[in-house]
Amino acid sequence: NYIEGTSGWALNGASKISENIIIKNNEWKHLGGGYPYLFEWYSGEMKDIVIENNIFEGAKGMKLGYTTNNLKCSGNTLDSYFRLLSMSGNMIFDNNISTAEVQKLVSIDSLNEPTYLSEDEKSCNFYFKNNTGGLYGSIDKNSNYNNNYKVNLFIENNKSNAFNFNMFIKNKFTFDPNQ
């Protein structure tokens, strides 16, 4: 699909679970005016999302829900960044390219917890691999998220002129300082 226009896709989930969202093989150009974003998924609890092989141009940060559980984001080119307000399940960012001057690719702006997860499901495997673009945000040492979740981070083989991520996690962390 080729999409050119002045507005983005807003989804007010009214705190409901939205599942099985697939955004593939699009070229989406935001021309300015209207709303400044491509995605603004407000209060929805997003689950099982695939965003693959897209070109996103001309918009600001793309918020992927109030909570996000299981996300595969790969093969995208963008001049903006993905905003996360939550991380649970498998969160995969692989082979994406930021064309922005400051190559922020993913920003973890908050750590809201999905309301529907059992105690046994409170985990996150976060993969940030083979990207051109950086990771921003933090996982605070004494946060409810850090205390309640088993978090594994894998940050490998990325290139970027920008990286600002602070974390204090008690589980597995893989980081290649040569990237």
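Keep in mind the model is a prediction, meaning the values are calculated, not measured. (Residues numbered from 1 in each chain as written. Predicted model: local features only at pLDDT ≥ 70, side-chain atom pairs only at ≥ 80, totals over all residues. Heavy atoms only, no water.)

### Quick word on the pattern of salt bridges
- If you walk through the whole model with that rule in mind, you get 7 salt bridges.
- The partner of aspartate 109 in a salt bridge is arginine 83, and the shortest N-O contact between them spans 2.7 Å. With a gap of 26 residues between them, aspartate 109 in the loop between β14 (104-108) and β15 (123-129) and arginine 83 in strand β11 (residues 82-84) connect regions that are remote in the sequence.
- The exposure class assigned to aspartate 109 is partly exposed, which follows from its relative accessible area of 39%.
- Here glutamate 119 and lysine 122 are joined by a salt bridge, their closest N and O atoms 3.3 Å apart.
- Taken together, the shared-partner salt bridges connect Lys24, Glu52 and Lys72 into one network. (Salt bridge = Lys/Arg side-chain N within 4 Å of Asp/Glu carboxyl O. Helix = DSSP H or I, 4+ residues; strand = E, 2+ residues; numbered from the N terminus. Buried < 20%, exposed > 50% of the residue type's maximum accessible area, 1.4 Å probe, protein only.)

### Topic: the packing of aromatic side chains
- Evaluated as defined, the whole model comprises 7 aromatic pairs.
- Between the aromatic rings of tryptophan 28 and phenylalanine 56, the centroid separation amounts to 6.4 Å while the plane-to-plane angle is 55°, which identifies the pairing as tilted. Taken together, the residues span a long stretch of sequence, with tryptophan 28 in strand β4 (residues 27-30) and phenylalanine 56 in strand β7 (residues 55-57) at a distance of 28 residues. You'll find tryptophan 28 and phenylalanine 56 in the same group, each marked buried.
- Measuring from centroid to centroid gives 4.8 Å for tyrosine 127 and phenylalanine 154, while their planes differ by 10°, and the two rings are stacked. Placement of tyrosine 127 in strand β15 and of phenylalanine 154 in strand β17 (residues 150-156) is noted, with a sequence separation of 27 residues between them.
- The class of tyrosine 127 is partly exposed, set by a relative accessible area of 24%.
- Classification of phenylalanine 154 as buried rests on a relative accessible area of 13%. (Phe/Tyr/Trp six-rings, centres within 6.5 Å; stacked < 30°, edge-to-face > 60°.)

### With respect to the sheet that holds strand β10 (residues 77-78)
- One open sheet holds the 5 strands; their spatial order is β1-β4-β7-β10-β13, and the pairing between them is parallel. In the strand order of this sheet, the two ends are held by β1 (2-5) and β13 (97-98), each with one partner. (Pairing = 2+ DSSP bridges.)

### With respect to the sheet that holds strand β2 (residues 9-11)
- Pairing is parallel across the open sheet formed by 7 strands, whose spatial order is β2-β5-β8-β11-β14-β16-β18. Two strands lie at the open edges of the sheet, namely β2 and β18 (164-167), each paired on one side alone. Each adjacent strand pair in this sheet contributes to an overall mean axis angle of 20°, direction not counted. (Axes fitted to C-alpha atoms, helices over the stretch in contact; angles between N-to-C directions.)

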